Amino acid sequence: MPLDPFDRALLDAVQRDATTSQIDLGAEVNLSSAAVNRRLKKLTSDGVIQRTVAQVDPVPLGYTLTVITEVEVESERLDLLDAMKRTFMACPQVQQCYYVAGECDFVLIMLVRDMGQYTELTRELFFESNNVKRFKTLVSMSNVKTGMQVPVE
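Residues numbered from 1 in each chain as written. Predicted model: local features only at pLDDT ≥ 70, side-chain atom pairs only at ≥ 80, totals over all residues. Heavy atoms only, no water.

Labelled according to an unreviewed UniProt entry, the chain appears under the name Lrp/AsnC family transcriptional regulator, originating from Pseudomonas fakonensis.

This is how it looks when you write it as structure tokens:
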């Protein structure tokens, strides 16, 4: 679906702060609050806006380490890959999971409390799987930029 400049401006604004009132959004993008409401509903029903969530700082909740893990699979049989995807999706510490082309098959971005928790997760996610050939761990020293904001230009 084509997005006009008003839709793009609304998407930019709600990605920055989804709690902004429709009156304030309207003032920001030069639309009435009723027009903002209609457009946001349409963007949601069309699947452009997938969900509205709060971005939480993981550190106060005890998640002090971000770990990036590259996983190489033993077999690329679809049923085995689908099982791995379900396992990764069900793990709350896996924040992002990408099925990729290249030297590895999956890239996982994980939040963990400490290396002990990561070690336990490697047992559950990788060693107990009959389909993990090898995995490589990268530990973030500093999360320079995180987020999921999509450019709207």
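Draft legend 1. Here's a closer look at the side chain of asparagine 131. Relative to the helices and strands, asparagine 131 resides in the loop between helix H5 (115–127) and strand S4 (132–139). Classification of asparagine 131 by relative accessible area gives buried; the value is 3%. At a separation of 2.7 Å, a polar atom in the side chain of asparagine 131 contacts the main-chain amide nitrogen of serine 75. Discounting chain neighbours no more than four positions away, the residues touching asparagine 131 are Glu72, Val73, Glu74, Ser75, Leu80 and Met84. (Helix = DSSP H or I, 4+ residues; strand = E, 2+ residues; numbered from the N terminus. Buried < 20%, exposed > 50% of the residue type's maximum accessible area, 1.4 Å probe, protein only. Polar contact = N/O pair within 3.5 Å; in protein donor to acceptor, adjacent residues only side chain to side chain. Contact = heavy atoms within 4.5 Å.)

Draft legend 2. Examining the pattern of salt bridges more closely. Scanning all chains against the criterion turns up 9 salt bridges. Between arginine 39 and aspartate 4 there is a salt bridge, with the nearest N and O atoms lying 3.0 Å from each other. Of this pair, arginine 39 sits in helix H3 (residues 33–45) while aspartate 4 sits in the segment before helix H1 (5–16), and the two are 35 residues apart along the sequence. Given a relative accessible area of 21%, arginine 39 falls into the partly exposed group. (Salt bridge = Lys/Arg side-chain N within 4 Å of Asp/Glu carboxyl O.)

Draft legend 3. Looking closely at helix H4 (residues 78–90). The end-to-end C-alpha separation of H4 is 18 Å, in line with the 18 Å expected for 13 residues at 1.5 Å each. Of all the residues in H4, the buried ones are Leu81, Met84 and Phe88. On an axial view of H4, the arc spanned by its buried residues comes to 60°, and they lie on one face. Along H4, the residues that are exposed and aim more than 90 degrees away from the buried face are Leu78, Arg86, Met89 and Ala90. (Expected span 1.5 Å × (residues − 1). Arc of directions from axis to C-beta.)

Draft legend 4. Molecular detail of the side chain of aspartate 7. When you line up the elements, aspartate 7 lands in helix H1. We classify aspartate 7 as buried; its relative accessible area is 9%. Beyond its immediate sequence surroundings of up to four residues, aspartate 7 is in contact with Met1, Pro2, Arg39 and Leu43.

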